[in-house]
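Breakdown of the fold
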Amino acid sequence: MTILSQKAQRLKGMVQDVFEVSKAASGQLPVQPERLDFAKLLRQTLADLEVPIARSGLIFKVDLPEQAVMITADGRRLYRVFQNLIDNALKYALEGSRVYLTLKVADGRAEASLRNTSREELPDGVDLTARFVRGDASRTDGGSGLGLYLVKTILELHGFQYRVENTGSGVVFTVVF
């Protein structure tokens, strides 16, 4: 029964991703900007993922300011961005390695970065944010290849800048507000 439940949850997640990607592609993914504390949103995302993070065996190194970091964004969509980025790290990071989540503020800009070491060497020249692209074509974990595409789409809908750096041994995803 546990395997069936896990497969059902994975399928549900994939259907939600496909639905959101379809809405985004047709310009019908609503974005409702509001003033929010970005550091608080990141803390909440980590708290909500506490169980899978603890089970992963990964070491999360988190560097978030204590003071509020106010930005204007759709909190629900931005939560989804970082949920997807953390989920991606949980699925594909090298066992026992570190995952770094930082939020820095300078010159009126907030810059959040998530960095991890990949289990597999990542190929050069692959856009990890493209639809249905997977860093390792041999993966059989049931991922849809839509997680980072959805991240990119949500950030572009907001007009935020982002960078994805494939280091060969890992990924650094940076968002600038």
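We now turn to the structure provided with this report. (Residues numbered from 1 in each chain as written. Predicted model: local features only at pLDDT ≥ 70, side-chain atom pairs only at ≥ 80, totals over all residues. Heavy atoms only, no water.)

The next subject is the overall build of the protein. Along the backbone of the protein there are five helices and seven strands. The N-to-C order of helical and strand elements in the protein reads α-β-α-α-β-β-α-β-β-α-β-β. Relative to its full complement of 177 residues, the protein shows a buried share of 42%. Of the contacts made within the protein by residues no fewer than 6 positions apart, 69% connect residues no fewer than 24 positions apart. Of the roughly 10000 Å² of accessible surface on the protein, 50% is carried by carbon and sulfur atoms. (Helix = DSSP H or I, 4+ residues; strand = E, 2+ residues; numbered from the N terminus. Buried < 20%, exposed > 50% of the residue type's maximum accessible area, 1.4 Å probe, protein only. Contact = heavy atoms within 4.5 Å. Areas by Shrake-Rupley, 256 points an atom, 1.4 Å probe, with all protein chains shown as cover.)

Here the focus is the pairing of strand 4 (residues 98-106). Two elements, strand 2 (residues 59-63) and strand 4, share five bridges in a ladder whose sense is parallel. Residue pairing for strand 4: Asp 63 is matched across the bridge by Thr 102. The antiparallel pairing of strand 4 with strand 5 (residues 109-117) creates a hairpin that spans two residues between the two strands, and Asp 107 there sits at a positive phi of about 55°. (Pairing = 2+ DSSP bridges.)

Take the nonpolar core next. In terms of nonpolar packing, the biggest core is built from 39 residues, with Phe 38, Leu 78, Phe 82 and Leu 103 touching the most fellow members. Those elements giving two or more residues to this core turn out to be helix 2 (38-48), strand 3 (70-73), helix 4 (75-92), strand 4, strand 5, helix 5 (147-158) and strand 7 (170-176). At eight residues, the largest contribution of residues to this core is made by helix 4. With sequence-adjacent residues up to four places away left out, Phe 82 is seen in contact with Phe 38, Leu 42, Thr 45, Ala 112 and Val 175. (Core = buried A, V, L, I, M, F, W, Y, C linked by side-chain atoms within 4.5 Å.)

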